[in-house]
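Coordinate analysis (summary)
If you want the building blocks of each chain, they are given just below.
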Amino acid sequence: MREKRKLMALSIMILMLSVISISGCGATQKDSSSNPQQVEENGGQNSEAAGKPEESTSFKAGDTVAGFTVDSVSESASLQSRIYNFSHEASGATLVWIQNDDPELAFSISFRTPYVDETDTNHIFEHAIISSSEKYPGTTLFFDLLGKSYNTFVNAFTYPCFTTYPVASENEEQFIRMVDVYMSCMAAPGILTDENLFKREALRYELDSPEGEIRMTGTVFAEDNAYLTDLGSEAANNVLDALFPGQYAANAIGRMHRNYKELTYESAIATYERAYHFDNSLILLYGDMDGERVLDFLDSEYLADAGVNGTDLSAYEDPATEDGHIELTAPVPAYEGSAVENASRIDYAFSMEESGWEDLLSWMVLADILNQENEAFFTNLKAQGIQNP
């Protein structure tokens with residue numbers, strides 16, 4: 001049950017970030033009257049059914065705790081949790097705590113990071129920022145944290161509109177130390193002064209011997225090369241280009257191998273300066289923790305003196321796309337000798353930029369249903385000769 005609850009909480013976090021990121025990424029959403037907190041509250045008004053946690057830490061709307069103001073409190077039956085929404089006046093940060101009796105404690109900090117081009121700079125920066133910090137200098141901080149802490153999860157993820165950095169542990173002391181490491185990276189990352197971190201994660205040239213060949217390598221460069229002949233990735237990119245020609249919304253992840261000549265260290269630093277401010281962040285807490293202690297730690301160590309930056313990503317909002325229909329046939333790269341039978345793909349896509357939160361959630365549920373192999377939709381496609389739909 002706890003695993004299911006954590007997966008649901010993670011899904012809600014990702015959906016929340018997708019919604020709050022729309023103002024700084026891709027086509028502008030015209031109907032934003034709904035929000036994820038409202039959707040969750042509507043699904044769980046009965047506090048007993050929600051299995052609300054003990055009253056060891058309990059706040060009410062309007063309370064001020066360690067620099068945070070409680071904006072709203074709700075109960076979620078599906079998560080068996082109480083959900084607190086906080087704002088931090090001194091830094092402009094937003095924080096959500098999903099409080100329940102789960103002993104596995106989780107934290108993430110996420111930033112709106114619109115894809116301003118297709119050099120995959122956001123992905124590169126995601127790797128590099130957790131390699132070192134002013135407080136924890138070095139070059140392998142992420143792997144040190146992974147191997148030298150009592151963690152249950154440590155990672156980072158780049159999405160088209162946001163980047164997120166989660167950690168989890170069942171030990172509160174270790175949990176706070178892990179939070180400290182990640183927050184130190186957000187506040188003062190080593191990449192700001194060490195260009196070699198950028199070169200390692202992005203692109204560099206290597207020569208093993210005088211007689212050897214010079215080769216290009218780099219962590220993200222190698223990862224993106226895997227997309228080069230990936231049919232699904234190429235198709236998704238072509239769909240975005242067709243739906244949003246020339247717009248930020250068309251910029252796809254995993255395209256560094258095609259655009260590495262435009263990649264620079266300065267562009268990576270610009271990513272930090274543009275987006276990595278606490279007033280552009282969402283902090284998520286999850287589990288049965290001493291909430292007041294964690295909030296006080298975040299405030300005193302990082303947020304109280306951060307200041308409100310006034311982050312403005314409106315320059316990366318796209319205008320509304322024109323109505324219409326377009327058909328596009330696009331080639332897909334392949335290695336010499338690759339199979340060509342059943343190697344094509346058909347995508348039928350719609351722009352959902354005018355949809356609100358509840359509509360998007362409904363479409364996602366419908367898409368999940370249609371994607372089941374035992375559904376009539378799949379059966380009919382195969383009957384028409386379309387294999388592997």
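What counts, and at which threshold
- Residues numbered from 1 in each chain as written.
- Predicted model: local features only at pLDDT ≥ 70, side-chain atom pairs only at ≥ 80, totals over all residues.
- Heavy atoms only, no water.
- Helix = DSSP H or I, 4+ residues; strand = E, 2+ residues; numbered from the N terminus.
- Buried < 20%, exposed > 50% of the residue type's maximum accessible area, 1.4 Å probe, protein only.
- Contact = heavy atoms within 4.5 Å.
- Areas by Shrake-Rupley, 256 points an atom, 1.4 Å probe, with all protein chains shown as cover.
- Phe/Tyr/Trp six-rings, centres within 6.5 Å; stacked < 30°, edge-to-face > 60°.
- Salt bridge = Lys/Arg side-chain N within 4 Å of Asp/Glu carboxyl O.
- Core = buried A, V, L, I, M, F, W, Y, C linked by side-chain atoms within 4.5 Å.
- Pairing = 2+ DSSP bridges.

**A look at the overall build of the protein**
Helix and strand content of the protein: 13 helices and 13 strands. Every one of the 389 residues in the protein was classed for burial, and the buried ones make up 43%. Excluding contacts between residues fewer than 6 apart, the proportion of contacts in the protein whose partners are at least 24 apart in sequence is 74%. For the protein, the accessible surface area stands at approximately 20,100 Å², while carbon and sulfur atoms represent 50% of it.

**Digging into the packing of aromatic side chains**
Going through the model one piece at a time under the given rule, you end up with 20 aromatic pairs. Ring geometry for F153 against F157: centres 6.3 Å apart, planes inclined by 15°, an arrangement best described as stacked. Arranged with centres 6.0 Å apart and planes meeting at 90°, the rings of F221 and Y260 form a pair that is edge-to-face. Here F221 is found in helix α7 (residues 219–225), whereas its partner Y260 is found in the loop between α9 (256–259) and α10 (265–275), with 39 residues between them in sequence. Members of the aromatic cluster, joined through ring pairs, are F111, F125, Y165, Y182, Y272 and Y276.

**Considering the side chain of N238**
By the element assignment, N238 lies in helix α8 (residues 231–243). The buried category is assigned to N238, whose relative accessible area is 18%.

**Let's talk about the pattern of salt bridges**
It is possible for side chains of opposite charge to pair when their charged atoms get near one another. As enumerated under the stated definition, the model contains 13 salt bridges in all. The partner of D180 in a salt bridge is K135, with the nearest N and O atoms 2.9 Å apart. With D180 in helix α5 (residues 172–187) and K135 in the loop between α3 (121–129) and α4 (141–148), this pair connects stretches of sequence that are 45 residues apart. Taking the relative accessible area as the measure of exposure, D180 reaches 5% and is therefore buried. Through salt bridges that share partners, R204, E206, D208 and R215 make up one connected network.

**What about the nonpolar core?**
One finds F107, Y165, Y182, M186 and L298 to be the most contacted residues of the largest nonpolar core, which totals 59 residues. When residues of this core are assigned to their parent elements, the largest contribution, nine residues, is made by α5. Once residues lying within four places of it in the same chain are set aside, the contact partners of F107 are Y165, P166, V167, F175, V179, Y182, M183, I283, L284, L285 and L298. Listed in part, the seven residues of the second largest apolar core include I83, I98, L284 and Y286.

**With respect to the pairing of strand β12 (residues 281–286)**
With six of six residues buried, β12 is to be regarded as a mostly interior element. The side-chain alternation of β12 yields two buried faces, one formed by S281, I283 and L285 and the other by L282, L284 and Y286. Here strand β5 (residues 94–99) runs beside β12; their pairing, made up of five bridges, is parallel. Each bridged residue has a counterpart across the sheet, and for I98 the counterpart in β12 is Y286. Two strands pair when backbone bridges link them, and strand β6 (residues 105–112) and β12 are joined in this way by six bridges, in the antiparallel orientation.

**Details of unusual backbone geometry**
For Q80, which is not glycine, the phi dihedral falls at a positive 50°. Relative to the assigned elements, Q80 resides in the loop between β3 (68–76) and β4 (81–88). For D120, which is not glycine, the phi torsion reads 65° and is therefore positive. Looking at the secondary structure, you find D120 in the loop between β6 and α3.

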